[in-house]
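# Understanding the architecture of this molecule
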Amino acid sequence: MKLKTSPKATNIEVKIIGLGGAGCSSLNRLSETVSSHISMLGIDTGSATTHLNDGVEALAIGNGFGSGGNPETAVDLFRHYESKVVDFIDGADVVILLAGLGRGTGSGLAPEIARITRQLGALTIAAVNMPFEFEGRFRNQSAVHAHELLKSSADAVMTMCNDDLLNGGAMGGSLNEAFINADMNISDAVNAVALALESSPERAISVQDSLTNAGESTVVSGISTGLHAGSKAVVEAFASTSYEFVGARSAVVHVKGGIELSLRQVTDAVAKVREKIGMSAIIHVSSERLIGMGQEIGVTIVLAG
C-alpha cells in the first residue's frame, strides 16, 4: 500500500467504524474524546445504533433483532447495505474498525469490512476485544476464528484480551465494571492512534508506515499515582499480560493524567516502554490532560508487529 504524503496532517482523512454492540459502545466513548472532524459510523444488526451519540452516523442492518450470534448471518445481512459502507469509506486514508469478537455482528463484519477498506486503498486498523474465558467455549472459538480472518484482511489488528483485565486485583469488581474497563481500554488505544495521526505531517506519515502490514498487535494499559507514576503505570501495563514484547516493531504510547501530568511523567513513561521493548522500535508519543483524573497517570500502549 502506498502511503499518502500530504503536506498537512489534517489532510489525512481518518474514519472510524463501530461494529456490533461492543463496537458501537466504544464508538460512543470515542466520540467524546477524538476530534470532531473524524467521521464515525456505527453498524449493528440489533438495537445498538439507536443509542449512538449525536454526530455519529448510524446504519441498522436487518430487522433489528440481531444476527442470532451467527457471523455468517451478519455478513448475509450486510450484503444489502455494502454500498452504503463503501460510500462512507470513500476518500479515507485510514479506517479504524472497532469490534468485540465472539458474537455475530462484530465477528462477521470486522473481517469483511476490513477486506473492503483495504481494497479501497485505506490503511486498515482493527481494534478488537477478545471475550473473557468465562463467556464460554463457543464464543471464544468464534472470536479466535474472526481474529485469524482479521489478521489476513487488515493491516494491523490491535487486540485487547479481556482476561488481562482480571489481573492486578480487578477480580473484586462487578461484571459490568469489567466490560466498561474493556471498552475504555480499546477506546484509549484508538484515541492514541488518532492523536498520533493528527499531531504533525511527519508523525502522521511515520505512524501510517509503522502500522501498514504490521499484522498482529496488542494493547496494554496501566494507571498509577505518585512521584514516578508514569513509569509505574507502564510497569503495571506490561504486568497485565503474559506476552513478551522485546523486538516489537513500533509502539504508540498515550499518556493521560490530571493535575500531576507533566513532561517528566511522560518522558519517564516512554523511557520505561523503551526499556521493555528494546532500542530499535519506533515510538510515537501523545499526551492528554484530563482534570477529572486528579493525581492519576494512565498509560496506554499499542504495540505493533
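Presented here is a report on the structure given in the accompanying data block. (Residues numbered from 1 in each chain as written. Predicted model: local features only at pLDDT ≥ 70, side-chain atom pairs only at ≥ 80, totals over all residues. Heavy atoms only, no water.)

### Comments concerning the packing of aromatic side chains
Note the following rule: Here a pair means two rings of Phe, Tyr or Trp (six-membered ring of Trp) with centres within 6.5 Å. Their orientation is stacked below 30 degrees between planes, edge-to-face above 60, and tilted elsewhere. A simple rule labels every residue: compare its accessible area, found with a 1.4 Å probe on the protein chains alone, to the largest value its type can have, and call it buried under 20%, exposed over 50%, or partly exposed in between. Should the NZ of a Lys or the CZ of an Arg lie within 6 Å of a ring centre and within 35 degrees of the ring normal, that charge is described as sitting over the ring.
One pass over the structure, following the stated rule, counts one aromatic pair. Residues Phe-132 and Phe-134 carry aromatic rings whose centres are separated by 4.9 Å and whose planes lie at 5° to one another, so their mutual orientation is stacked. For Phe-132, a relative accessible area of 0% puts it in the buried group. Of the residues examined, Phe-134 reaches a relative accessible area of 52% and is grouped as exposed. Lying over the aromatic face of Phe-88, Lys-15 brings its terminal NZ or CZ to 5.3 Å of the ring centre.

### A short note on the packing of helix 2 (residues 71-78) against helix 4 (residues 104-119)
To keep it simple, the criterion reads: The angle between two axes is taken between their N-to-C directions and runs from 0 to 180 degrees, where each axis is a line fitted to C-alpha atoms and a helix contributes only its stretch in contact. By definition, any uninterrupted DSSP run of H or I lasting at least four residues is a helix, any uninterrupted run of E lasting at least two residues is a strand, and each is numbered from the N terminus. Working definition: roughly parallel below 35 degrees, roughly antiparallel above 145 degrees, roughly perpendicular at 65 to 115 degrees, and oblique for all remaining angles. For any helix crossing, the convention is left-handed if the near helix is rotated counterclockwise from the far helix by under a right angle, and right-handed if that rotation is clockwise. When checking whether two residues touch, look at their non-hydrogen atoms; a contact exists if any pair is within 4.5 Å. Gly is placed with the polar residues, together with every amino acid not listed as nonpolar (Ala, Val, Leu, Ile, Met, Phe, Trp, Tyr, Cys and Pro) or charged (Asp, Glu, Lys and Arg).
It is at 7 Å that the axes of helix 2 and helix 4 come closest, and there the two elements cross at 50°. The angle between the axes of helix 2 and helix 4 places the two elements in the oblique class. Note on packing geometry: the crossing formed by helix 2 with helix 4 is right-handed. Every residue of helix 4 that contacts helix 2 at Pro-71, Ala-74, Val-75 and Phe-78 is listed here: Gly-104, Thr-105, Ser-107, Gly-108, Leu-109, Glu-112, Ile-113 and Ile-116. Partitioning the contact of helix 2 with helix 4 into residue classes produces seven nonpolar, four polar and one charged.

### Re helix 5 (residues 137-153)
Helical geometry note: an α-helix holds 3.6 residues per turn, so side chains three or four residues apart project in the same direction. The following threshold applies: In a helix, the anticipated span is given by 1.5 Å times the number of residues less one. Here the arc refers to the set of directions running from the helix axis out to each C-beta atom.
Look at helix 5: 24 Å from first C-alpha to last across 17 residues, which is about the 24 Å you get at 1.5 Å a residue. Along helix 5, the residues that are buried comprise Ser-142, Ala-143, Ala-146, His-147, Leu-150 and Ser-153. Projection of helix 5 onto a plane perpendicular to its axis shows the buried side chains occupying an angular sector of 140°, all on one side. Away from the buried face of helix 5 by more than 90 degrees, exposed residues Arg-137, His-145 and Ser-152 are located.

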